Amino acid sequence: MACVTPRARAVQFFGAFDTVVSLAVAPGGPFGEEDAADLFGALRTQLFALPVVEARHSSGEDRVLIGLLRVMTTLLRAQPQLKHAGSREMLRYLFDGLFDVPSAEQLGGSGSSGGSGRRLIHPAPRCKTPASRDAALNALLEIARDMPRNQVLLASLLAAQHGGGESRNLWHYAPALLDKSPSGYVGLKNLGATCYMNSLLQQFRMVPEFESAMLALRLDDEALSRQAAAKVGDGLSVEGAGATATPTQEEEAMTLLRQLQATVCSLVALEKRYTDTSEFAGAYRDYDGLPVNTSVQMDAEEFFSLLFDKLELALKRTRTPRLLKGMFGGETVNQILGRSDGCTHASERDESFFALHLDVKGKRSALEGLDAFVEGETLEGDNRYWCGECGKHVDALKRCCVKKLPPTLILHLKRFEFDYDQMRKVKVNDLCEVPPSIDMWPYTREGQAAADAASAARDDDESQAPATHTDQPAKGFEPEGESKAPEHAEYIYDLTGVLVHSGTSDSGHYYSFIKERNSFARGRGPAPAGGRRRKARWLHFNDTQVNEWDEQELARCTHGGHEQVQSWDMSKGMHVQRWLQKTHSAYMLFYQRRHPPSDADAEATAEAEADAADAEAEAEAAGDADPELCSTVEELQLSLHKGTAVAAAALALRRGMPRDIFDAIWRENLQYFHDRHVFDESYFLFALQLAEILIAPSLGGAAAIDDGPRSPLGAGPMDMSQVGGITEEGGIE
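Keep in mind it's a predicted model, so treat the numbers as computed, not measured. (Residues numbered from 1 in each chain as written. Predicted model: local features only at pLDDT ≥ 70, side-chain atom pairs only at ≥ 80, totals over all residues. Heavy atoms only, no water.)

(A) Expanded view of unusual backbone geometry. Cis geometry marks the peptide bond from A124 to P125; its omega dihedral reads 0°. Residues other than glycine seldom take positive phi values, yet D146 does so here, at roughly 65°. Assignment of secondary structure puts D146 in the loop between helix 6 (130-144) and helix 7 (148-162). Its relative accessible area of 23% is what places D146 among the partly exposed residues. (Helix = DSSP H or I, 4+ residues; strand = E, 2+ residues; numbered from the N terminus. Buried < 20%, exposed > 50% of the residue type's maximum accessible area, 1.4 Å probe, protein only.)

Now the structure itself:
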């Protein structure tokens, strides 16, 4: 016997129930008016007690709601007298269930969490699926039919629903296609060839500390003046490294920072599929001070470098001048080490970086690129190094290694180079594997020094050198999930983002694969019921599209190299297997430190968090945060929008993003919710049928049109002059 699902049983039950009621209330049936009224009242009580079940991004229908509405519609159609008592209350209930919009608190993850579990809460409206909306619209039509008073109320509610707002002049406007991705994240609109901008912005937005800091910034003139005065009071320089910039450049940088903040806020709080980046792109200026050409593609790494230069300039006017350095900034050290004639002197020069640039040509993996990065070269012969302390030329080793690692490590794979034979720029499509985790110890100053000591010990044929981090199957590789010795745990980094380029050196497309930072596993939010941790997802950000992605596809989608494809061989008259070079490969890699650094090394790492706290305090002092919004998001509901996205939205409210930005975003959300309910085929049909009910009598023929309002049971045309305001109690003014 086939298993019947609960949904199928509900459909069968209410189908049979509706049929039985139709027979019972038919002329000559066993149900009288009193029986019908009792049944209708019982069904209405059950209807009003139903919780909101339908989810925003699910096809699951509330079969109980649909079944009750269909049975009640059948009763109303057969027993019109039921519309006299309680039908107006039901009309309002149905109207709200169709056209209510969710509140910021609902979408921000508000709700109680009494007990050990967490209650499943879905935001408004109650009717989200086509089946439930059709059932509710049909019930509304039946309540209004032959009842002028109900017609007036319904027309008044609809008039208010359509009042105000901006006109829609798009040729094909379909709000249903603009709904937020089921992943819970918002995409970015491609303005022509701005995929490089979109893929990079999404990478930064998905760094929780960066997002929080952007939301907490206060960049209005009054706040900037307060911050400048506070710096002077603390004895800090207001100019900093930006003193060489012109006032115009400083203002352009601040405008860019404001637009970046607005874009990040939209990515957090917007409820549409994507946000427009026109204003951010318009605020961006290239090296020559010219606005970006959105129809010309730019190198993502070049854009990244110039963007951070401008953001650093703007941040110097805020209370978080080292925000970027604290999150993404590290330091390398260029060393020249004496290697002959008894010279052991060293010359060192530090350089800051936001990304390490690695060769990929001829390198099988990014680890080999890191090996080449620290390999160095020997200065000997005519190229010997002059040691000032020894006063002579000596053999020396010149190399570069990492002195300080950032919390988020960015690796740039040099996929583009200039071919002097062809005299043009070409793309390197060689295979270069992306390791899921990296042990950065061998590439640091300390790691190189340890390797040098071990090598010297072996060369001197002394006792066996102690085990070091270099005694690994693969240098720099750390299997994901395994833990290093406590003294070196802070050198382990896990892959959290890959920015991919697909195409050639002349044209192509950028997109990103990004792993959620699981805030629950990191103690940034409440854990799910039962203490379990939800596994962080990988997501594919491709301009306006955001979808979940299988990390098992990492090698195929990011490593480059060759792939086997089938193609038609005309000479053989059959499909044959061929190896073709992939044109899509990883271009920038983003790694997150697995464990926090030790206390001795934590000062620089914690600087960004301190800066964010300062900005948060500044926002609080400015009185910008809405206390009601901030107080309703202490407990996050993981059921809504799949976890981390909701946590991000709730975090935005708790941190208090600038109120003017939040209000603008929420107005856009409200307009979208309204349009989604109205620009719908089922609603258009409902409006047409309602108009026919309002302007044409169902009894009395055409001559009755001018007779004016009729009694409730003799439904004539409704007097449209009665359509006015609605009192707080629900009556008509």
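Next, the rest of the story.
(B) Molecular detail of the nonpolar core. Within the largest apolar cluster, 68 residues are counted, with the highest numbers of intra-cluster contacts made by F210 and F328. Apart from residues lying up to four places away in sequence, F210 is in contact with F204, R205, L260, V264, L323, L324, M327 and F328. Counting 46 residues, the second-largest nonpolar core is a separate cluster that includes L75, Y93, L141 and A144. (Core = buried A, V, L, I, M, F, W, Y, C linked by side-chain atoms within 4.5 Å. Contact = heavy atoms within 4.5 Å.)

(C) Quick peek at the pattern of salt bridges. Throughout the structure, instances matching the rule amount to 27 salt bridges. Notably, a salt bridge pairs R63 with E61, separated by 2.2 Å at the nearest N-O pair. Where E251 meets R258, a salt bridge forms, and the shortest distance between an N and an O atom there is 3.6 Å. Owing to a relative accessible area of 39%, E251 belongs among the partly exposed residues under this scheme. Relative accessible area serves as the criterion here: at 24%, R258 is assigned to the partly exposed category. (Salt bridge = Lys/Arg side-chain N within 4 Å of Asp/Glu carboxyl O.)

(D) Up close: the packing of helix 9 (residues 208-216) against helix 11 (residues 247-269). Where helix 9 meets helix 11, the axes come as close as 9 Å, and the angle between the chain directions of the two elements is 115°. The handedness of the crossing between helix 9 and helix 11 comes out as left-handed. Between helix 9 and helix 11, the contacting residues are F210, E211, M214 and L215 on the first element and L257, L260, Q261, V264, C265 and V268 on the second. Tallied by class, the residues present in the contact of helix 9 with helix 11 amount to 8 nonpolar, 1 polar and 1 charged. (Axes fitted to C-alpha atoms, helices over the stretch in contact; angles between N-to-C directions. Left-handed = near helix turned anticlockwise from the far one by under 90°. Nonpolar A, V, L, I, M, F, W, Y, C, P; charged D, E, K, R; others polar.)

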